[in-house]
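One letter stands for each residue in the lines below.
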Amino acid sequence: MPDAPSSPKAVFLSYASQDVAAALRICAALRAAEVEVWLDQEGGLVGGDAWDRKIREQIASCALFVPIISANTQARKEGYFRLEWKLAEDRSHLMAKGVPFIVPVSIDATGERGALVPDAFTAVQWTRLPEGAATPQFVERVKKLLAPDDSRVGARLVHTQEDKRGQAAPRPPGRSRFAVAAGLAVLLLVVAGVALTRKDDPAARRSASQTTDNAARSSPSSPPAEVAKSVAVLAFTNLSDDKGADYFSDGISEELLNVLAKVPGLKVTARTSSFFFKGKDTPIPEIARQLGVAYVVEGSVRKAGTQLRISARLLNAADSKTVWADDFREELKDVFALQDKIAGLIAQNLRLTLGTAMRKARTVDPEAYRLLLEGRYFFNRRDPESFTRAEAAFTAALKIDRELAEAQAGLAGVYVIRANFSGMEGLPGFDDIAPDLRRARRAAQGAIELDPTQADAHSALGFALMLENRLA
């Protein structure tokens, strides 16, 4: 993800987290054709950037906004993608008539009639790309829409569905473009996204493989300079006797990802994208091509009582060769120090320094740490019931260890996102926004007092204050 706002030629892909696989396929096809693409989950909160500002800049400066519409977006009445959709509609309302901007894509049988989308999305014809398998016709159409601005003004924005012969099916005339402005605060992403649980589909995998193979043929054998220091941390395999405790191995992986994200000069793919490959046999080079990274970290976790064993490997994505690998055995109470040690060794092998990513050496109560990971697991599911369970887990962790700053930051994240959801116009949520904002502010301030380097706490505090100012 670029640090600066999108260029005037960039395409913004907006999607529900459950549709990340389709989004990655569309992204790979467009990038193979040298189209700049921005995905809102690719880089997470890099360097503590406020998600509110990042999203607004990207949507305000991109050339085309591509909402990915599916049964998943229909089922979700609230979510980050809906905030992005409203921002895009607001921008389209300010554009001259005939300027192409919104390019809706349906990846399944979801149709325009009855779709839960902004009005501006139904003012143009949709494109259907089953499972995100982008056709050459779609890619060429996007490239034409990215022509110089003067040739785009007045152009008729028609996105057609391709029939079985690959020809464009004509669209009946008579529908005019319109949009309704909707002012809405955009959501700050406090913690990385939702773990994807969609089953692997052989047909979808074939489409993804074909797309990424095309991308590989158009790319040089060595990674570009901007991705040379980039890594994806895959979900570690759970080797514990409790096979239902995947949240623990997932949490270890996410913690390692968070530490690496603080390494100066290192790009780390966000959790939502990298965890998509959990349980799949996708080759490492293919994973790297889809995620746009030069290195991949994989491993396993085995927990037996208070004993913890972590195996980790750093792989060169180009040839799947192991750059570094090691096994670690520690008491669970020393898990923070162990994660920092592993991150430091990875950075060292990438010829980077960990810098300020190192935490002050400390131990943690094993049960408090388990509850912390459980809270993060439910927080990442992003629904009212899961928010309640996340709050309970973080609170229980703090009852055991009142100085667990990560749990305080987790509570702040729950409160501020729950408050934001309750303020989303026309969407079901919670009754009163003010109490959650006060709780978010107190929890965030408490976390910062315990650990001033808690980026999630700073983000939650800033967003809570912004929402309070808007309510005043």
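Let me begin by describing the structure that accompanies this report. (Residues numbered from 1 in each chain as written. Predicted model: local features only at pLDDT ≥ 70, side-chain atom pairs only at ≥ 80, totals over all residues. Heavy atoms only, no water.)

## Description of the side chain of Gln454
With respect to the helices and strands, the residue Gln454 is situated in the loop between helix H15 (433–450) and helix H16 (455–471). Residues within four places of Gln454 in sequence aside, it is in contact with Ala405, Glu406, Ala409 and Ala447. (Helix = DSSP H or I, 4+ residues; strand = E, 2+ residues; numbered from the N terminus. Contact = heavy atoms within 4.5 Å.)

## Some words on the pattern of salt bridges
Pairing of side chains with opposite charge becomes possible as their charged atoms draw close. Scanning all chains against the criterion turns up 10 salt bridges. Through salt bridges with shared partners, one network takes in Glu391, Arg418, Asp436 and Arg439. (Salt bridge = Lys/Arg side-chain N within 4 Å of Asp/Glu carboxyl O.)

## Some details on the pairing of strand E3 (residues 64–69)
Of all six residues that make up E3, six are buried, and the element is covered over most of its length. Summarising the sheet, strand E1 (residues 11–14) and E3 pair through four bridges and their orientation is parallel. Residue pairing in the sheet places Ser14 in a bridge with Pro67 of E3. Bridge count for E3 against strand E4 (residues 105–106) is two bridges, and the pairing is parallel. (Buried < 20%, exposed > 50% of the residue type's maximum accessible area, 1.4 Å probe, protein only. Pairing = 2+ DSSP bridges.)

## Details of unusual backbone geometry
Notably, Glu34 is not glycine yet its phi reads approximately 65°, a positive angle. Note on placement: Glu34 falls in the loop between helix H1 (20–32) and strand E2 (37–39). One non-glycine residue, Glu131, adopts positive backbone phi at about 60°. Mapping Glu131 onto the fold places it in the loop between strand E5 (127–128) and helix H5 (136–145). By relative accessible area, Glu131 is classed as partly exposed at 30%.

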